[in-house]
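So you can see what is in the structure, the chains are spelled out below.
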Number of protein chains: 2
Amino acid sequence: MTSKPIIAITMGDINGIGPEIIGKVLINKEINKICTPIILGNIQAYLYYCKKLKKYLEPVKINTPEEALKLKNKIGIIELEYTNLNIKPGIIDPQNSISATAWIRQAVKWCTQKRCDAMVTCPITKEGLARAKIPYDGHTTMLADWTKTKHYRMSLFAGNMRVVHHTAHKSLLNAIQSINKKDLIKTIEIGYNALKIICPRNPHIGVAGLNPHAGEQGLFGNEELDIILPAINTCKKKGIPCSGPYPPDTIFRRMYHGEFNMVIAMYHDQGHIPMKLIAMDEGVNITLGLPIIRTSVDHGTAFDIAGKGIACEQSLYHAIKLAIQFTKKKDRFV
Amino acid sequence: MTSKPIIAITMGDINGIGPEIIGKVLINKEINKICTPIILGNIQAYLYYCKKLKKYLEPVKINTPEEALKLKNKIGIIELEYTNLNIKPGIIDPQNSISATAWIRQAVKWCTQKRCDAMVTCPITKEGLARAKIPYDGHTTMLADWTKTKHYRMSLFAGNMRVVHHTAHKSLLNAIQSINKKDLIKTIEIGYNALKIICPRNPHIGVAGLNPHAGEQGLFGNEELDIILPAINTCKKKGIPCSGPYPPDTIFRRMYHGEFNMVIAMYHDQGHIPMKLIAMDEGVNITLGLPIIRTSVDHGTAFDIAGKGIACEQSLYHAIKLAIQFTKKKDRFV
């Protein structure tokens, strides 16, 4: 048994920037010191992109996560059966979506079996999934289905800024209409379960309002008084350190200055706008509420720059680090 | 005649931080070099707060804006009839709201008569207005009414970040339901009329979507396809350099990096969240579409710190500078 967690990194679409940012991040000695990374991906693709870089770890074909524990200055890659893929940077090829999906599925299995401690995902393409007739529109829906998870929430973490989204990929009108007390309590609970691992000292959650000025006592909407405040009060009674609802336009600045270490955002852009603005390359996407630990880069396949050697690996670096943070106290998280 | 514009600064609520930040900003030599400021306010209040500061300009009672042109190293204050007010930092007193409103009204008159070139407002209190039974909830509604303006828009400017809000103080649900093509065209036009003064070279307006990912081709809402895109196309035909709708979560970052020099936000918090996060003390509120130039500080009365000498005058400084920028090419603006 090793004390270093095994982190399964899925390569994502091999015609996107996944293989390149994996190559770049793995030469970071810190990463290899604090975890045993394995790649679920394709050796050919790894080499195709990495040979354009100054330096990269030599790949070794492995079949199980445990084999990686014996490697030194090499990176274990699990290919499954997908060895002859069509590497064409920037091109959508449904075959790549099929292999990317298989790698994700295998990572989920090994995380569920605790043979891997966490999984970190590189980007896949929604269009490729659709063309391959894969019945999911992205990682989150796959992961929820395969782990049989009903309540999960999309979060963005960047340094001391952490946002959990109450609703995500739906129209703003639907997002407003679907807000209810029961689900909001669940969101706050899911957020708190993560926060107490990351910030065991003085965790405090700020809950955003939905309307301008948090509704200004009902002047600009009643959701704060009718739904959000009652949900906060219930969570407080359960012992969750949370408060609000606060005016959405200043809550993120207040978190930035340390008043909260997590914010519950009511809808996608309420949380994404500040995080994308301030996080720059540090942003990490994390699906909370799953029975496994999964973090992800905060960007897409970036087909336009794939293979050019200019993709930035910072988000992947932070995604791996955050996954490791969660594994350290995994028992409290899952 | 002088080439320096006369800027009417209204003191706002004398129990808030208005008098103090005015005192602080006026000792900035740059301000006195580029404009002739006058205060519409109360001499007693000015002295009460300024005597706590290290340095301040000596006040002189004047009755008309023109008298200020002769002053040197002194500041002209127009009191109207309000000379015996109750100065109690942090306390809401309806009498103060009445005087603050009278000062604003006089500034509007002088701007309309072109005896002042622009007005810059310090904060008033909504609760005070209500208690004084003044039939307005803030500056914007007063200004619109007194200048008989139907189409005006709230904007926030901070350095190279400029946001014009399509809707402002209404619930998010109402904001969504009230978006229509005709009004959106007006918003873009109002924004452009301001932008071409401030950025005559290569002005470009980015228009935000309403929904996550700007609706992703109708997947998360249809407002982009049904309303926003057609409005943009109409504006393009009118010669306005604009494009979009863009995903709301990255458009502000793109403006920050110079891709746009103005963004049209669909609702209050879409624009306020990024601006409050990144602008810090530089933010300026400006009402666009009025026949006069009016800028404002981007904060409230801050009753909790009034009279403590710690209020920051940076927003007022930038509000004055922005007002001056507009006056220089006033003919194109009004």
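Residues numbered from 1 in each chain as written. Chains lettered and ligands numbered in written order. Predicted model: local features only at pLDDT ≥ 70, side-chain atom pairs only at ≥ 80, totals over all residues. Heavy atoms only, no water.

Undergrad: Looking at this structure, how should I read the packing of aromatic side chains?
TA: Between two aromatic rings, the relevant description is the distance of the centres plus the angle of the planes. In this structure the tally under the stated criterion is 11 aromatic pairs over all chains. Consider the rings of A:Tyr267 and B:Tyr267, whose centres lie 6.1 Å apart with planes at 65°: the pair is edge-to-face. Placement of A:Tyr267 in the loop between strand S10 (262-265) and helix H11 (268-279) and of B:Tyr267 in the loop between strand S10 (262-265) and helix H11 (268-279) is noted, with the two residues assigned to different chains. Under the relative-accessibility criterion, A:Tyr267 is labelled buried at 2%. A centroid spacing of 5.1 Å and a plane angle of 35° characterise the contact between B:Tyr246 and B:Phe260, whose relative ring orientation is tilted. Here B:Tyr246, found in strand S9 (residues 242-246), pairs with B:Phe260, found in the loop between helix H10 (248-256) and S10; they are 14 residues apart in sequence, far enough to count as distant. This pair shows no difference in class: B:Tyr246 is buried, exactly as B:Phe260 is. The ring of A:Tyr246 carries the charged tip of A:Arg254 above its face, separated from the ring centre by 4.4 Å. (Phe/Tyr/Trp six-rings, centres within 6.5 Å; stacked < 30°, edge-to-face > 60°. Helix = DSSP H or I, 4+ residues; strand = E, 2+ residues; numbered from the N terminus. Buried < 20%, exposed > 50% of the residue type's maximum accessible area, 1.4 Å probe, protein only. Lys NZ or Arg CZ within 6 Å of the ring centre and 35° of its normal.)

Undergrad: What exactly am I supposed to notice about the interface of chain A and chain B here?
TA: One frequent convention defines the size of an interface as the accessible area lost when the parts assemble. Facing 35 residues of chain A, the contacting portion of chain B comprises 35 residues. For the pair chain A and chain B, the two sides together bury roughly 3200 Å², of which 68% comes from carbon and sulfur. Viewed at the interface, chain B and chain A are joined by 4 salt bridges. Among the salt bridges present, the one from B:Lys126 reaches A:Glu216, with a minimum N-O distance of 2.9 Å. Seen at the junction of chain A and chain B, the total is 10 residue pairs in polar contact (both at pLDDT 80 or more). Within the residue set of the side of chain A that touches chain B, elements represented by two or more residues are helix H7 (172-178), helix H10 (248-256) and H11 of chain A. If you tally residues by element for the side of chain A that touches chain B, the top one is H11(A), at 9 residues. Class assignment of the residues belonging to the side of chain A that touches chain B gives a composition of 17 nonpolar, 10 polar and 8 charged. (Contact = heavy atoms within 4.5 Å. Buried area = accessible area lost by both parts, 1.4 Å probe. Salt bridge = Lys/Arg side-chain N within 4 Å of Asp/Glu carboxyl O. Polar contact = N/O pair within 3.5 Å; in protein donor to acceptor, adjacent residues only side chain to side chain. Nonpolar A, V, L, I, M, F, W, Y, C, P; charged D, E, K, R; others polar.)

Undergrad: Got a minute to help me understand the relation of the copies chain A and chain B in this structure?
TA: A rotation about an axis combined with a shift along that same axis relates the two copies of the chain. Mapping chain A onto chain B leaves a residual RMSD of 0.0 Å; the transformation is a rotation of 180° accompanied by 0.0 Å of translation along its axis. On this basis, the relationship between the two copies can be described by a two-fold rotation axis. In terms of C-alpha distance to the rotation axis, chain A has A:Pro274 as its closest residue, with the C-alpha 2.8 Å off the axis. Both copies contact each other with a shared surface, as 100% of the interface residues of chain A are interface residues in chain B too. (Least-squares fit on C-alpha atoms with pLDDT ≥ 70 in both.)

Undergrad: Before we go on, may I ask you to explain the side chain of B:Gln106 in this structure?
TA: For B:Gln106, the location among the structural elements is in helix H4 (residues 94-112). Ignoring anything within four residues of it in the chain, the contact list for B:Gln106 reads B:Leu40 and B:Leu80.

Undergrad: I keep staring at the sheet that holds S10(A) and nothing clicks. Help me out?
TA: The pairing of strands in a sheet comes from backbone hydrogen bonds and takes either a parallel or an antiparallel form. Residue and element names in this part refer to chain A. On the basis of which strands lie adjacent, the open sheet formed by 12 strands has the order S3-S4-S2-S1-S5-S12-S11-S6-S7-S10-S8-S9 and mixed pairing. Two strands in the sheet have a free side with no partner beyond their single neighbour: strand S3 (58-61) and strand S9 (242-246). Across this sheet, the average inter-strand angle for adjacent strands is 25°, counted without regard to direction. Sheet topology places strand S2 (residues 36-40) next to strand S4 (residues 74-78); 3 bridges connect them, and they run parallel. (Pairing = 2+ DSSP bridges. Axes fitted to C-alpha atoms, helices over the stretch in contact; angles between N-to-C directions.)

Undergrad: Would you take a moment to explain the sheet that holds strand S12 (residues 294-297) of chain B for this structure?
TA: All names here are of chain B. Ordered in space as S3-S4-S2-S1-S5-S12-S11-S6-S7-S10-S8-S9, the 12 strands form an open sheet in which the pairing is mixed. One side of each edge strand has no neighbouring strand; the edge strands of this open sheet are strand S3 (58-61) and S9. On average, adjacent strands in this sheet sit at an angle of 25° to one another, irrespective of strand direction. Relative to strand S4 (residues 74-78), S3 runs parallel, the two being bridged by 4 bridges. The residue of S4 that forms the bridge with Lys 61 is Ile 77. Lying on the sheet, helix H9 (residues 223-237) is in contact with strand S8 (205-208) and S9; it crosses S9 at an angle near 170°.

Undergrad: I keep staring at the packing of H10(A) against H11(A) and nothing clicks. Help me out?
TA: What describes two packed helices is the angle between their axes and the distance between those same axes. Residues and elements named next belong to chain A. Close contact between H10 and H11 brings their axes to 10 Å; oriented N to C, the two are set at 45°. One way to sum up the angle between H10 and H11 is to call them oblique. The chirality of how H10 crosses H11 is right-handed. Contacts between H10 and H11 involve Pro 248, Phe 252 and Tyr 256 from the former and Gln 270, Gly 271, Pro 274 and Ile 278 from the latter. (Parallel < 35°, antiparallel > 145°, perpendicular 65-115°, else oblique. Left-handed = near helix turned anticlockwise from the far one by under 90°.)

Undergrad: Help me understand the packing of H11(A) against H11(B) in this model?
TA: Where H11(A) meets H11(B), the closest approach of the two axes is 9 Å, and the angle between their N-to-C directions is 30°. As H11(A) runs across H11(B), the sense of the crossing is right-handed. The residues of H11(B) that touch H11(A), namely those facing A:Gln270, A:Ile273, A:Pro274, A:Leu277 and A:Ile278, are B:Gln270, B:Ile273, B:Pro274, B:Leu277 and B:Ile278.

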